[in-house]
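One letter stands for each residue in the lines below.
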Amino acid sequence: MPTRFIRSDILAQSVYHVADVPDDFIKLDAMEVPYTFPEHLQQVWAEQLLAAPINRYPNPATSGLQQALRDAFGIPSDAAIALGNGSDELIQFLTLLVAQSDATMLAIEPSFVMYRRNAELFGMNYVGVPLNADFSLNLPAVLEAIEQHNPALTFIAYPNNPTGTPFEREQIEQIVQTAKGIVVIDEAYGAFADDSLIGQAGQPANLVVMRTLSKIGFAGLRVGYAAGSPVIMNELAKILPPYNMNQLSLTTAKFALQNMDVVNGNIATLKAERERVADAMRVMTDTTVFDSQANFLTVRVPDAPYMFTKLKENKILVKNLHGTHDVLQNCLRFTIGTPEQNDAVLRVVQMVIAEHEARKLRAGSDDSAGLSGKLMWGVAIATVLLIVLSLILGLAFGKI
Ligand SMILES: *Cc1c(COP(=O)(O)O)cnc(C)c1O
């Protein structure tokens, strides 16, 4: 069998599952933005695509995209930028950059699964430091793990996925200062957050800030970028495939950045919707909504697998996090969609929670029925005992 030449650790792995979703489903499992370019921009975009030189190899350096990214997102002028075919590709090559025997990658758990997968793929040691139960960072544990394992590479998603929580900026800065290796702050959800480290990329030299266009409306383009000090980014440039970006997505990405007012409008809508959905869920019985600074909400419900199934029956796909990590017991992750899609979600969630309430009430009255039943038995047994006792006593004293 030719498979015997394939690494046994890969043979043992399973394929990264990409959901196959019917067209009539509301797809809220992968943090995609529900909007594309508005009609008045579609024609202009199409014309730019027509002019894209698809007969030529792409040259990201001269494409103008890097400068457009600097201008749009405030990347420092002395930081160097690497472009990736999605930030997934950058995670892969940042890992390859430091992967050698005895090198360690450190990340927090739960977080983006690709960090660990890449560590394993490239044969690095992997250390995952668990979050606290409220999804906050266990800073002492992280710092201790850094001291102990001296990681070559540390990944922190800021805000984190799949929890949505931001960490404290001071904590991140302390991690960057303590680590001797490269620290990648993954700001995939930076556009939805109150804070960003992009302005500090490359300062200190081990700080790399990574972002993507995926979560702001362009998951299909596969454009990610990382900014850091030239001493690191120049080495990364040596191993990135020279033509990893393509003309169509370079062209479209530049077009998107020229129309940031549209993109920012969508982001503002989604942030407002996130708060509206959070408020609506927060008042529901036995439901915990965790603070999120991303375009999704992670929510603990009474029975996540059941609610997941009910949503699916109603043609809504979310992410079931139950069973993926201890702190994610009964958690679902809802990507924020259009107001109409979110209303559809709220209707089903409300219905399932109402069912749960009714069941709880019934169980409550069953309980009290059980209690009075037991009481009656108790009284009956006590009465019989009393009669027997008085009979015995009567007999003993010869009165009967
Ligand atoms: C979605 C996501 C990515 C991957 O983004 P792409 O640019 O689409 O590859 C990276 N990091 C985190 C934390 C994400 O959630």
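Structure's up top.
Because the structure is predicted, anything quoted here is derived from the model rather than measured.

Thresholds, definitions, all that
- Residues numbered from 1 in each chain as written.
- Predicted model: local features only at pLDDT ≥ 70, side-chain atom pairs only at ≥ 80, totals over all residues.
- Heavy atoms only, no water.
- Pairing = 2+ DSSP bridges.
- Helix = DSSP H or I, 4+ residues; strand = E, 2+ residues; numbered from the N terminus.
- Contact = heavy atoms within 4.5 Å.
- Axes fitted to C-alpha atoms, helices over the stretch in contact; angles between N-to-C directions.
- Core = buried A, V, L, I, M, F, W, Y, C linked by side-chain atoms within 4.5 Å.
- Buried < 20%, exposed > 50% of the residue type's maximum accessible area, 1.4 Å probe, protein only.
- Phe/Tyr/Trp six-rings, centres within 6.5 Å; stacked < 30°, edge-to-face > 60°.
- Lys NZ or Arg CZ within 6 Å of the ring centre and 35° of its normal.
- Patch = residues over 30% accessible without salt bridge, like charges linked within 9 Å, V, L, I, M, F, W, Y side chains within 5 Å.
- Areas by Shrake-Rupley, 256 points an atom, 1.4 Å probe, with all protein chains shown as cover.
- Salt bridge = Lys/Arg side-chain N within 4 Å of Asp/Glu carboxyl O.
- Arc of directions from axis to C-beta.

Turning to the sheet that holds strand β9 (residues 288–289), a few remarks are in order. Taken together, 4 strands build an open sheet; the order of strands is β9-β10-β13-β12 and the sheet is antiparallel. This sheet does not close on itself; its edge strands, each paired only once, are β9 and β12 (319–320). Where β12 lies against strand β13 (residues 331–335), 2 bridges are found, and the strand directions are antiparallel. Paired with Asn320 across the strands is Leu332, a residue of β13. Along the sheet face, helix α11 (residues 260–282) touches β9, β10 (296–300) and β13 and points at about 10 degrees away from the line of β10.

What follows is about the nonpolar core. Counting 89 residues, the largest nonpolar core has Ile175, Met281, Leu311, Ile316, Leu332, Phe334 and Val349 as its most contacted members. In terms of residues, this core owes the most to one element, α11, which gives 8 residues. When residues no more than four places from it in sequence are discounted, the contact partners of Phe334 are Leu28, Met281, Asn295, Phe296, Leu297, Val299, Leu311, Val318, Val345 and Val349. Counting 27 residues, the second-largest nonpolar core is a separate cluster that includes Leu94, Ala103, Tyr126 and Met233.

Turning our eyes to something else, we now look at the sheet that holds strand β7 (residues 207–212). Read from one edge of the open sheet, 7 strands run β2-β8-β7-β6-β5-β3-β4, paired in mixed fashion. Lying at the two open borders of the sheet, with one neighbouring strand each, are β2 (80–84) and β4 (125–130). Averaged over neighbouring strand pairs, the angle between their axes works out to 20 degrees when direction is ignored. Sheet analysis places strand β3 (residues 104–109) next to strand β5 (residues 153–157), joined by 3 bridges and oriented parallel. Looking at β5, one finds that Met105 is bridged to Leu153.

This part takes up the packing of aromatic side chains. Under the criterion given, the structure shown has 9 aromatic pairs. Relative to Phe290, the ring of Phe135 has its centre 4.1 Å away and its plane inclined at 35 degrees; by these criteria the two rings are tilted. Here Phe135 is found in the loop between β4 and α7 (139–149), whereas its partner Phe290 is found in the loop between β9 and β10, with 155 residues between them in sequence. Within the aromatic cluster, the residues linked to one another by ring pairs are Phe37, Trp45, Phe218 and Phe255. The side chain of Arg333 reaches across the aromatic face of Phe296, ending 5.8 Å from its centre. One cation-aromatic arrangement involves Arg359 over Tyr306; the distance from NZ or CZ to the ring centre is 5.9 Å.

Okay, unusual backbone geometry next. Each neighbour pair has its own omega, and for Tyr158 with Pro159 the value is 0 degrees, a cis peptide bond. One can find Pro159 in the loop between β5 and α8 (169–178). Omega for the bond connecting Asn161 with Pro162 falls within 30 degrees of zero, at 15 degrees, which places this linkage in the cis form. A positive phi is found at Phe135, a non-glycine position, where the angle reads about 75 degrees. The phi dihedral of Lys315 is positive, around 60 degrees, even though this residue is not glycine. Within the element layout of this structure, Lys315 appears in the loop between α12 (304–313) and β11 (316–317).

A surface patch of nonpolar side chains, amounting to about 440 Å² of accessible area, comprises Val15, Tyr16, Val18 and Val113. Its place among the elements puts Val113 in helix α6 (residues 113–121). Judged by its relative accessible area of 46%, Val113 is partly exposed.

For α8, the set of buried residues is Gln171, Ile172, Ile175 and Val176. Along the axis of α8, the buried residues cluster in a sector spanning 140 degrees; they form a single face. Facing away from the buried side of α8 by over 90 degrees, the exposed positions are Glu170 and Gln177. Buried residues belonging to α8 abut α7, β5, β6 (182–186) and β7.

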